[in-house]
Each structure stands twice: as C-alpha cells, then as structure tokens.
Amino acid sequence: MTANLADLRVQIDALDRELLALLNRRAQVAEQVGEVKKREGTPFFRPDRVAQVIEQIQQANQGPLKNEHVAAVWREIMSACLALESPVRVAYLGPAGTFSEQAALQFFGASIEHVPCVSIDEVFRATAAGSASYGVVPVENSTEGVVSRSLDLFLNSPLHIVGEISLMVRHNLLRLSESLDGIEAVYAHPQALAQCQGWLTTHLPNVDRRTASSNAEGARLATTNPAWAGIAGERAATQFGLYTAAHAIQDDAFNRTRFAVVCLPQTLPSPPASGKDCVSLVVSVPNRPGAVHDILMPLKAHGVSMTRFESRPARSGQWEYYFYIDLQGHPSQDHVKAALADLQQLCAFYKVLGTYPIGD
C-alpha cells in the first residue's frame, strides 16, 4: 500500500466515524419524534414526509454523489430511524426473493418487518386484519397489462392506496446448473411466464411451462430437481443458491411492474397534495347506450386528465362491468373535486381506491 493511499484510507475511516456519530444523533432525535407521535396518536410512517426530506436533500446535493444514490442512502437512513420509533410490518407476495419484496424494500427501506404471504389475497387479508401495517401488491405490468386479481380484491376491501412504486423487472432463468441442457419444466408466476413466452418458445420450445404462486416459489422448486428451472430475479438466485442459466429473458427490454402500497385508512389517511398526484377509483354505470361516454364528460368539462381506464367483468351474469380509472390530480384541487362530484352522480357504483403521489 502506498503512503498516499494509506493517508486517504485514514481520512475515510475518520469520516466514517463522524458519519456514524451523526447518524446516531439523528436516531436519538427520531426516537424522541416517536414518543411525540405515540402521545399524539399520529402515524409513524408518512411517505409524503419521506419524499419531502429526500427532495430537500437532493436540492442541497452538490455532488459528486448522484441524486438517485443520495435518495437511496437517505431512504435507508430514514427506514432505520423509523424502526427505532415503531417497526413497520409490510406484507407482500412471498417467499423471500420476489419482485414484490424488492418493491417493498425500495419503497420502505430495508429496516422493515417482513410479512411474506402465499398469495395476493393473503396480502390483502393480512393488511386488513392488522397483521401487517402495509401491503404491497402488483397492479399493472407494462407488457401484460393489469393484474386482474389485485383489481378484483380492491372492490370489497377496506384498504386504500397510499403510494405506488414502479419497478424495472428483469427475469432470469435459474436452476442448479448453468446450462440450458436437460430442462424438462420451467416454473414461474403466470405473469412471468407470459412476459417471457417469446424467449421460451425460441430457446426451450419443448419444455413444460408450469405455474407457481410466485416467481420466488418457482425458484425454490427449481432447487428440488436438477431438470427444473425457475424464472425470477437476482434476489431469488442469491436466496436459493441457484445459477443464472440465462439473463434478462423477458420479451420486453423495458418491462416494468407497477405496485400499489395499501393500508387501512386509520393506519394512514390519504396523503396531502404533493403537486404530482393520482386518484384511483372504480365505478360501474347503468347498462344503457352512451353510459360509458357520459362518465367521461365530467372529466373533460373540468379539465381532468385520465391516465388509465380498465374494465373488469362484474360477474353478475348480466354482462355488466366495473371500470378502473386513474386521474391526474388531488381531490383538494377544485377542478378535481368538481369532476369527482359530477362523476359520482352518474354512477351506479362509485368507490375511491386511493389518492397518492405518482411513483417514479
């Protein structure tokens, strides 16, 4: 080691000790904040406050650290401090190594209490019952469209959406060896199989495609038989000690999945306006000519932009549908408030699923 390098390492070691001392001072103040929140009965976790702190830090950042790296560091700092105030229990589609877990960690930070669930239904149940404070559920994929089970569960759930996160999804073929030879079956969640069907047809045309409750479960199954493979992300490969036989096998190079963060209203009310917000709602209209056209007119009249419009069968046997709509804006804004009021008057069923800041 050269003298110059040794001197630089001494400087870094000293700076690390200073950082540690400052972080512990911050943690001590965070514990005091937690005591105040307990007395006042206010929510411990507030995503709008996290976003506000990170934005302020990014504005003060003079480099050379990039803003996205600063955001990642501060999210973990705030997550660790929040764990001292009150640990946050987060339910997601498990087991460990799923993209749902990755989304939860990216939104809340690593210092959460994990509540892995066997199905999306169980994520809703655990969060509604209070076994978890928050749930993270997939709602839409850029390749395959909406996750229909999540939309259906929102209809009768007491949970509401308080945040969202969009995750770049990279699917890998995982197995006990690095070769593509000798594979008899590939296990994955149905969405993942659909997102990789082109690659599978080209490279493994005669291999049986089998569904699993999650991609991580598919990876776990791949550990039990050398002739089986799973489709999952890098976290699952590490979690289960599997080789990556093929990287990034999704058909869409820019494949993304959008996740909703849900909770009971008493856990966290709808966040205040951030300036970049979304209102999600589900409606149905009387089965008459022009009814769907009519519900769009209040949006046009009040200048509210619609970013999503999806239909799902009402399962009534009457060819009726529920419509899932995302609108830009916040109900505290006059034009949005007026549009929602007019829209509600036209609907046979009307439910706001949540108001929340738009994710990156």
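**Considerations on the overall build of the protein**
- In terms of helices and strands, the protein carries 12 helices and 15 strands.
- Along the longest, intermediate and shortest principal axes, the C-alpha atoms of the protein span 80 × 60 × 35 Å.
- Within the protein, the fraction of its 360 residues that count as buried is 45%.
- Positive and negative side-chain charges of the protein, numbering 30 and 36 respectively, have mean locations separated by a distance of 3 Å.

**Comments concerning the sheet that holds strand S8 (residues 208-211)**
- Pairing within the open sheet is mixed, and its five strands lie in the order S8-S7-S9-S6-S10. Edge positions in the sheet fall to S8 and strand S10 (243-246), since each of these pairs with one other strand and no more. Taken pair by pair, the neighbouring strands of this sheet meet at an average axis angle of 35 degrees, ignoring direction.
- Across the sheet, helix H9 (residues 215-222) is in contact with strand S6 (172-175), strand S7 (185-188) and strand S9 (228-232); its angle to S9 comes to roughly 155 degrees.

**What to know about the side chain of glutamate 101**
- Its location among the elements puts glutamate 101 in helix H4 (residues 99-108).
- A polar atom in the side chain of glutamate 101 sits 3.1 Å from the side chain of arginine 235.

**Quick notes on unusual backbone geometry**
- Cis geometry marks the peptide bond from glycine 63 to proline 64, where omega comes out at 10 degrees.
- Within the fold, proline 64 resides in the loop between helix H2 (47-60) and helix H3 (67-85).
- Its identity as a non-glycine residue notwithstanding, alanine 248 has a phi of 45 degrees, on the positive side.
- With respect to the helices and strands, the residue alanine 248 is situated in the loop between S10 and strand S11 (256-263).

**What about the packing of aromatic side chains?**
- Counted according to the given criterion, the structure contains nine aromatic pairs.
- Summarising the aromatic geometry, the rings of phenylalanine 107 and phenylalanine 108 are spaced 4.9 Å apart at their centres and angled 70 degrees between planes, so their arrangement reads as edge-to-face. The pair phenylalanine 107 / phenylalanine 108 is uniform in exposure class, with both members buried.
- Pairing phenylalanine 124 with phenylalanine 154 gives two aromatic rings, centres 5.1 Å apart and planes at 80 degrees, and the pair type is edge-to-face. Of this pair, phenylalanine 124 sits in helix H5 (residues 120-129) while phenylalanine 154 sits in helix H6 (residues 148-154); the two residues are 30 residues apart in sequence, bridging distant segments of the chain.
- For phenylalanine 124, a relative accessible area of 5% corresponds to the buried category.
- Chaining the aromatic ring pairs together yields one cluster made of Phe45, Phe107, Phe108 and Tyr134.

**Notes on the pattern of salt bridges**
- As enumerated under the stated definition, the model contains 14 salt bridges in all.
- The residue aspartate 121 makes a salt bridge to arginine 149 at a minimum N-O spacing of 2.5 Å. Of the two residues, aspartate 121 sits in helix H5 while arginine 149 sits in helix H6, which places them 28 residues apart along the sequence.
- Residue arginine 149 is classed as partly exposed on the basis of its relative accessible area, which comes to 35%.
- Each of Glu140, Glu164, Arg258, Arg308 and Asp326 takes part in salt bridges that share partners, so that together they form one network.

**Thoughts on the packing of helix H11 (residues 291-301) against helix H12 (residues 334-345)**
- Between H11 and H12, whose axes approach to 8 Å, the crossing angle comes to 165 degrees. Taken together, the axes of H11 and H12 are roughly antiparallel relative to one another. Crossing hand, H11 versus H12: right-handed. The segment H11 lies against H12, with Ile295, Pro298 and Leu299 engaging Ala339, Asp342 and Leu343.

**Digging into a nonpolar patch on the surface**
- There is a patch of nonpolar side chains on the surface, built from Val292, Met306 and Phe309 and spanning about 200 Å² of accessible area.
- The residue valine 292 is located in helix H11 in this model.
- With a relative accessible area of 32%, valine 292 lands in the partly exposed category.

**A short note on H4**
- Counting buried positions along H4 yields eight of 10 residues, so the element is predominantly enclosed.
- Taken residue by residue, H4 has Phe99, Ser100, Glu101, Ala103, Ala104, Leu105, Phe107 and Phe108 as its buried positions.
- Residue glycine 109 follows H4 closely and has a positive phi angle near 90 degrees.

What counts, and at which threshold
Residues numbered from 1 in each chain as written. Predicted model: local features only at pLDDT ≥ 70, side-chain atom pairs only at ≥ 80, totals over all residues. Heavy atoms only, no water. Helix = DSSP H or I, 4+ residues; strand = E, 2+ residues; numbered from the N terminus. Buried < 20%, exposed > 50% of the residue type's maximum accessible area, 1.4 Å probe, protein only. Lys, Arg positive; Asp, Glu negative; His and termini not counted. Charge placed at Lys NZ, Arg CZ, Asp CG, Glu CD. Pairing = 2+ DSSP bridges. Axes fitted to C-alpha atoms, helices over the stretch in contact; angles between N-to-C directions. Contact = heavy atoms within 4.5 Å. Polar contact = N/O pair within 3.5 Å; in protein donor to acceptor, adjacent residues only side chain to side chain. Phe/Tyr/Trp six-rings, centres within 6.5 Å; stacked < 30°, edge-to-face > 60°. Salt bridge = Lys/Arg side-chain N within 4 Å of Asp/Glu carboxyl O. Parallel < 35°, antiparallel > 145°, perpendicular 65-115°, else oblique. Left-handed = near helix turned anticlockwise from the far one by under 90°. Patch = residues over 30% accessible without salt bridge, like charges linked within 9 Å, V, L, I, M, F, W, Y side chains within 5 Å. Areas by Shrake-Rupley, 256 points an atom, 1.4 Å probe, with all protein chains shown as cover.

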